[in-house]
Amino acid sequence: VLVCMCRFPVNCDLNAAVFSVFNGYAGSLFSSGPYEKDDEEADAIYAALDKRMDERRKERRELREKEEIEKYRMERPKIQQQFSDLKRKLAEVSEEEWLSIPEVGDARNKRQRNPRYEKLTPVPDSFFSKHLQTGENHTTVDPLQGLGGLNTPYPGSMTPGLMTPGTGELDMRKIGQARNTLMDMRLSQVSDSVSGQTVVDPKGYLTDLNSMIPTHGGDISDIKKARLLLKSVRETNPHHPPAWIASARLEEVTGKLQVARNLIMKGTEMCPKSEDVWLEAARLQPGDTAKAVVAQAVRHLPQSVRIYIRAAELETDVRAKKRVLRKALENVSKSVRLWKTAVELEEPEDARIMLSRAVECCPTSVELWLALARLETYENARRVLNKARENIPTDRHIWITAAKLEEANGNTQMVDKIIDRAITSLRANGVEINREQWIQDAEECDKAGSVATCQAVIRAVIGIGIEEEDRKHTWMEDADSCVAHGALECARAIYAHALQVFPSKKSVWLRAAYFEKNHGTRESLEALLQRAVAHCPKAEVLWLMGAKSKWLAEDVPAARSILALKESGTSTFPITNSREGYCVQKQFSAG
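Residues numbered from 1 in each chain as written. Predicted model: local features only at pLDDT ≥ 70, side-chain atom pairs only at ≥ 80, totals over all residues. Heavy atoms only, no water.

Examining the overall build of the chain
Part 1 of the reasoning: The helix and strand inventory of the chain stands at 31 helices and two strands.
Part 2 of the reasoning: Looking at the chain residue by residue over its 591 residues, the buried ones come to 30%.
Part 3 of the reasoning: In the chain, the share of contacts with a sequence separation of at least 24, taken over all contacts with a separation of at least 6, comes to 47%.
Part 4 of the reasoning: In the form shown here, the chain has an accessible surface area of approximately 40800 Å², with 54% of it arising from carbon and sulfur atoms. (Helix = DSSP H or I, 4+ residues; strand = E, 2+ residues; numbered from the N terminus. Buried < 20%, exposed > 50% of the residue type's maximum accessible area, 1.4 Å probe, protein only. Contact = heavy atoms within 4.5 Å. Areas by Shrake-Rupley, 256 points an atom, 1.4 Å probe, with all protein chains shown as cover.)

Okay, structure coming up:
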């Protein structure tokens, strides 16, 4: 017994099914013992050995598997491989031979080709009445009844409620009369209540019925399941607004609009403080009823901005919209959305007065300050922007708008100062200068026609956050991006700044020259090339571009003079300080 207890753990399975004559019982002898670090190292060593041995046999195993697959493919080739030679021979088949191939006939038998569909004929009511009165028996077995009931009277098999069991009294005539009465009631609902004449269109009646069919494309059983599920949610938690909204939308999708309206109105009673429920109710109701619903919603939620906006949208008259929004601003005076919606309906002078009040109620809204500055005069706009900077010292758009204002009024010398002060002030207030955002603002200024502002912004932020060795590559990419976005003045400002930093880089001069050639004028190109040859006198391509520009302008003597100056060796000294340089300048400015 002691030997067995030492040999096998307590939880060891000693079943005969796991016993092996060679290995004994399966499992580890020491599985119940602690797993120490020495055991982990031993397992890692054995795993490494197994992996090494597997790698040694890997090539032979893969080669053997490949040979076996090839042998199997040779013995059992695919159908595609069996007919490959025949496919190749199809290229030799002529069109006449191809057309002469007979068509494949229908291999189905006669019964499959001509199926006889089961014909069902509706049984008249008189048939049922006759057999119910006779009370005859039937000897057919109902699969739902099992083996019993081989001789059951016919009336006894009917469902209780259609007739009295065992009596056989089923008045089919009364059922037909009830059906006719129901149809008569439905038709009377659409009749004219004044003259008594019907307004039903006989030709369009079926079309109207088709339009009542839901077009949601879902299964009816799925709709029933969803309806039951939502009903359970409403009964379990009647104060849950999404349950009422989902139930109303389900009925709306299935074409039951009135049921949807009743559900959502019930939801407003159960959830009177839910903004979404009231908005959904206003959406489902018709015009005047929707206004009444919104008015009721305002009484329950007097601080809801979305409900006021919906109330204004329901009004068709502009004066009524203004009246609703002004009433809303009396209750919710700090809503930027309400102020913006109300200002959009006003004339410029009234809008200016309203914006003056809006910035007092919402002093942290940049959009309201900028809108007020656009409507004011130059002097008043400067005061407005100064107040905006005092209330919002961390927004860059106020500074950029101030720079655009000065440029629009001819004070271009103030633009660079304003942008520099903007960078300094924003940094002092803990704002991180995002270079990409400022470049996007410069592109917007360029598209708006504020050239001086966009160039000042580019000069101020172009070198922020860039390593010294990456400046050239990054600036060239920025210039290409500006050209792609249509901001040519921004690209021109980037090239100008790059040329100031790298005056001796021929590649930068070439990029700038090609930019002026494609997007600038001949005068700007020649002025740029004049500076280029002064800083890079040994760059022959710059001289040739200058000569070609003169030649294309039909100024052949000037082009010859440029080439003659290059051939005479004037590139060995600075062109701007020599007589030849003066001649080059004269030649570039000629014509």
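Having put the structure on the table, let's press on.
A closer look at the nonpolar core
Part 1 of the reasoning: Residues Leu338, Trp339, Trp438, Ile458, Val461, Trp475 and Leu542 are the most contacted members of the largest nonpolar core, which totals 107 residues.
Part 2 of the reasoning: Ignoring any residue separated from it by four or fewer positions in sequence, one finds Ile458 in contact with Ile439, Ala442, Cys490, Ala493 and Ile494. (Core = buried A, V, L, I, M, F, W, Y, C linked by side-chain atoms within 4.5 Å.)

Structural notes on the pattern of salt bridges
Part 1 of the reasoning: With the rule as written, the count across this model stands at 25 salt bridges.
Part 2 of the reasoning: Among the ionic pairs, Glu349 bridges to Arg352, the shortest N-O distance being 2.3 Å. Within this pair, Glu349 and its partner Arg352 are both found in helix H18 (residues 348-361), separated by three residues, close to a single helical turn. (Salt bridge = Lys/Arg side-chain N within 4 Å of Asp/Glu carboxyl O.)

Focus: the packing of aromatic side chains
Part 1 of the reasoning: Scanning all chains against the criterion turns up two aromatic pairs.
Part 2 of the reasoning: Here Tyr495 and Phe515 contribute two aromatic rings whose centre-to-centre distance is 5.4 Å and whose plane-to-plane angle is 40 degrees, an arrangement assigned as tilted. Residue Tyr495 is located in helix H26 (residues 488-501), and its partner Phe515 is located in helix H27 (residues 506-519); the two are separated by 20 residues in the primary sequence.
Part 3 of the reasoning: Overall, the relative accessible area of 5% leaves Tyr495 in the buried class.
Part 4 of the reasoning: Its end group placed over the ring of Trp244, Arg234 keeps NZ or CZ at 5.6 Å from the ring centre.
Part 5 of the reasoning: For Arg389, the ring lying beneath its charged end belongs to Trp399, and the centroid distance is 4.5 Å. (Phe/Tyr/Trp six-rings, centres within 6.5 Å; stacked < 30°, edge-to-face > 60°. Lys NZ or Arg CZ within 6 Å of the ring centre and 35° of its normal.)

Topic: H26
Part 1 of the reasoning: Taking 1.5 Å per residue as the helical rise, H26 with its 14 residues ought to reach 20 Å, and the 20 Å between its terminal C-alpha atoms agrees with that figure.
Part 2 of the reasoning: Looking only at H26, the buried set comprises Cys490, Ala491, Ala493, Ile494, Tyr495, His497, Ala498 and Leu499.
Part 3 of the reasoning: On the buried face of H26, the contacting elements are helix H23 (435-448), helix H24 (451-461), helix H25 (471-484), H27 and helix H28 (522-535). (Expected span 1.5 Å × (residues − 1).)

Here we look at the confidence of the model for the chain
Part 1 of the reasoning: Averaged over every residue, the pLDDT of the chain is 77; the share at 70 or more is 74%.
Part 2 of the reasoning: Per-residue pLDDT stays below 50 along residues 212-216; that stretch engages in five contacts with residues further than four places along the chain or on separate chains.
Part 3 of the reasoning: Confidence over residues 571-591 falls short of pLDDT 50; this stretch has 37 contacts with residues more than four positions distant or in other chains. (pLDDT = per-residue confidence, 0-100.)

Some words on the state of the cysteines
Part 1 of the reasoning: All told, the structure shown has zero disulfides when counted by the stated rule.
Part 2 of the reasoning: Its sulfur unpaired, Cys361 is 6.1 Å from the next cysteine sulfur, which belongs to Cys362.
Part 3 of the reasoning: For Cys361, a relative accessible area of 11% corresponds to the buried category.
Part 4 of the reasoning: Free cysteine: Cys445, not disulfide-bonded; nearest cysteine sulfur from Cys454 at 6.8 Å.
Part 5 of the reasoning: Overall, Cys445 belongs to the buried group, its relative accessible area being 3%. (Disulfide = S-S within 2.5 Å.)

What about the environment of Lys506?
Part 1 of the reasoning: Structurally, Lys506 can be placed in helix H27.
Part 2 of the reasoning: Take Lys506: its relative accessible area is 41%, and that puts it in the partly exposed class.
Part 3 of the reasoning: Separated by 32 residues in sequence, Lys506 and Lys538 have C-alpha atoms that sit 9.4 Å apart.
Part 4 of the reasoning: Look past the residues within four positions of Lys506 in its chain and what remains in contact with it is Cys536 and Ala539.

Focus: the environment of Asp446
Part 1 of the reasoning: For Asp446, the position within the fold is in helix H23.
Part 2 of the reasoning: Owing to a relative accessible area of 13%, Asp446 belongs among the buried residues under this scheme.
Part 3 of the reasoning: When the C-alpha positions of Asp446 and Leu488 are compared, they lie 7.7 Å apart, and in sequence the two are 42 residues distant.
Part 4 of the reasoning: Setting aside chain neighbours within four positions, we find Asp446 in contact with Cys454, Ala487, Leu488, Glu489 and Cys490.

Quick notes on a nonpolar patch on the surface
Part 1 of the reasoning: On the surface, a cluster of nonpolar side chains totalling about 520 Å² of accessible area is made up of Leu90, Val93, Trp98, Leu99 and Ile101.
Part 2 of the reasoning: Position of Val93 among the secondary structure elements: in the loop between helix H4 (84-89) and helix H5 (95-99).
Part 3 of the reasoning: Its relative accessible area of 30% is what places Val93 among the partly exposed residues. (Patch = residues over 30% accessible without salt bridge, like charges linked within 9 Å, V, L, I, M, F, W, Y side chains within 5 Å.)

Points about the side chain of Ser247
Part 1 of the reasoning: Position of Ser247 among the secondary structure elements: in helix H11 (residues 241-253).
Part 2 of the reasoning: Here Ser247 is in contact with Leu230, Arg234 and Leu263, once residues within four sequence places are set aside.

Some details on a negative patch on the surface
Part 1 of the reasoning: Side chains of Glu36, Asp38, Asp39, Glu40, Glu41 and Asp43 sit close together on the surface and give a patch of like negative charge.
Part 2 of the reasoning: Turning to its location among the elements, Glu40 is positioned in helix H2 (residues 37-75).
Part 3 of the reasoning: Here Glu40 falls in the partly exposed class, since its relative accessible area comes to 49%. (Lys, Arg positive; Asp, Glu negative; His and termini not counted. Charge placed at Lys NZ, Arg CZ, Asp CG, Glu CD.)

Some words on the side chain of Asp441
Part 1 of the reasoning: Relative to the helices and strands, Asp441 is located in helix H23.
Part 2 of the reasoning: Residues contacting Asp441, with those up to four places away along its chain left out, are Arg396, His397 and Ile400.

Here we look at H24
A turn of α-helix holds 3.6 residues, and therefore any two residues three or four places apart point the same way.
Part 1 of the reasoning: Within the span of H24, buried status applies to Ala452, Thr453, Cys454, Ala456, Val457, Ile458 and Val461.
Part 2 of the reasoning: The inward-facing, buried residues of H24 contact helix H21 (396-408), helix H22 (413-428), H23 and H26.

Remarks on a positive patch on the surface
Part 1 of the reasoning: A grouping of Arg56, Arg57, Arg60 and Arg64 is seen on the molecular surface, where their side chains present a positively charged patch.
Part 2 of the reasoning: Here Arg56 is to be found in helix H2.

What about the packing of H21 against H22?
Part 1 of the reasoning: Closest axis-to-axis distance for the H21/H22 pair is 9 Å, and the angle between their directions is 170 degrees. Relative to H22, the element H21 is oriented roughly antiparallel. Residues Arg396, Trp399, Ala402, Ala403, Glu406 and Glu407 of H21 touch H22, and the partners they reach there are Met414, Val415, Ile418, Ile419, Arg421, Ala422, Ser425 and Leu426.
Part 2 of the reasoning: A breakdown of the residues in the contact of H21 with H22 according to their chemical character gives nine nonpolar, one polar and four charged. (Axes fitted to C-alpha atoms, helices over the stretch in contact; angles between N-to-C directions. Parallel < 35°, antiparallel > 145°, perpendicular 65-115°, else oblique. Nonpolar A, V, L, I, M, F, W, Y, C, P; charged D, E, K, R; others polar.)

Here we look at the packing of helix H13 (residues 275-284) against helix H14 (residues 287-300)
Part 1 of the reasoning: For the pair H13 and H14, the least separation of the axes is 8 Å and the interaxial angle reads 165 degrees. Of the possible angle classes, the one that applies to H13 and H14 is roughly antiparallel. By crossing handedness, the relation of H13 to H14 is classed as left-handed. Of the residues in H14, those touching H13 at Trp278, Ala281 and Ala282 are Ala290, Val293, Val294, Gln296, Ala297 and His300. (Left-handed = near helix turned anticlockwise from the far one by under 90°.)

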